[in-house]
Amino acid sequence: MNIELIAQIIGAIAWIFFLLSYYSKNLNKIIFMQIISSVLYCANYGLLGAWGGLFISGFELLKEIGYYKTDKDRYIFYFTIPIYILIASISEKSILILIPIIASLLDGYGALKS
């Protein structure tokens, strides 16, 4: 099987886990499903050689584990902001790198509010 095809299948499964996480009633279940999604996205981006996506997904994974293990969600969120800026500055020099960073920040901010 082609590596790109395997990567895309893994990416689709990751997307399904991420989508299903928002249908959970319990915040810990949401975060757990997003952890699974992040692991799969890391594999997806790693197989594709998309290093910006891999860095962001890897960092998302660490952030979600922090959310899952502690109740310091607000501190974790504020700590992530400079890290995202660093990831944007060392990743590809394209404006498109801002899209997943903004999405990750909005997702983290949303988790704090409800």
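Residues numbered from 1 in each chain as written. Predicted model: local features only at pLDDT ≥ 70, side-chain atom pairs only at ≥ 80, totals over all residues. Heavy atoms only, no water.

(A) A look at the packing of aromatic side chains. Counted under the stated rule, the structure contains six aromatic pairs. Ring geometry for Phe77 versus Tyr109: centroids 6.2 Å apart, planes at 50°, classification tilted. Taken together, the positions of Phe77 in helix H4 (residues 73-90) and Tyr109 in helix H5 (residues 98-113) put the pair 32 residues apart, joining distant regions of the chain. Relative accessible area serves as the criterion here: at 7%, Phe77 is assigned to the buried category. The structure contains a cluster of three or more aromatic residues connected by ring pairs, namely Phe77, Tyr78 and Tyr109. (Phe/Tyr/Trp six-rings, centres within 6.5 Å; stacked < 30°, edge-to-face > 60°. Helix = DSSP H or I, 4+ residues; strand = E, 2+ residues; numbered from the N terminus. Buried < 20%, exposed > 50% of the residue type's maximum accessible area, 1.4 Å probe, protein only.)

(B) Structural context of the nonpolar core. Counting seven residues, the largest nonpolar core is built from Ile31, Ile35, Leu61, Tyr67, Ile76, Phe77 and Leu112. Going through the elements one at a time, helix H2 (27-48), helix H3 (51-69) and H4 are the ones with two or more residues in this core. Apart from residues no more than four positions distant in its own chain, Leu61 is found in contact with Ile35, Ser38 and Val39. In this structure, Ile56, Phe59, Tyr84 and Ile101 belong to the second largest nonpolar core, which totals six residues. (Core = buried A, V, L, I, M, F, W, Y, C linked by side-chain atoms within 4.5 Å. Contact = heavy atoms within 4.5 Å.)

(C) Representation of the pattern of salt bridges within the structure. For the coordinates displayed, the defined rule picks out one salt bridge. The residue Lys63 makes a salt bridge to Glu60 at a minimum N-O spacing of 3.1 Å. Placement of both Lys63 and Glu60 in helix H3 is noted, with a separation of three residues, approximately one turn of the helix. Across the pair, exposure class does not vary: Lys63 and Glu60 are buried alike. (Salt bridge = Lys/Arg side-chain N within 4 Å of Asp/Glu carboxyl O.)

(D) Broad picture of H2. Between its first and last C-alpha, H2 extends 31 Å over 22 residues, near the 32 Å set by a 1.5 Å rise per residue. Of all the residues in H2, the buried ones are Ile30, Ile31, Met33, Gln34, Ile35, Ser37, Ser38, Tyr41, Cys42 and Asn44. Where H2 begins, the capping side chain belongs to Asn26, and its oxygen is found 2.7 Å from the backbone nitrogen of Asn28. Of the residues trailing H2, Gly49 is marked for its positive phi of about 75°. (Expected span 1.5 Å × (residues − 1). Polar contact = N/O pair within 3.5 Å; in protein donor to acceptor, adjacent residues only side chain to side chain.)

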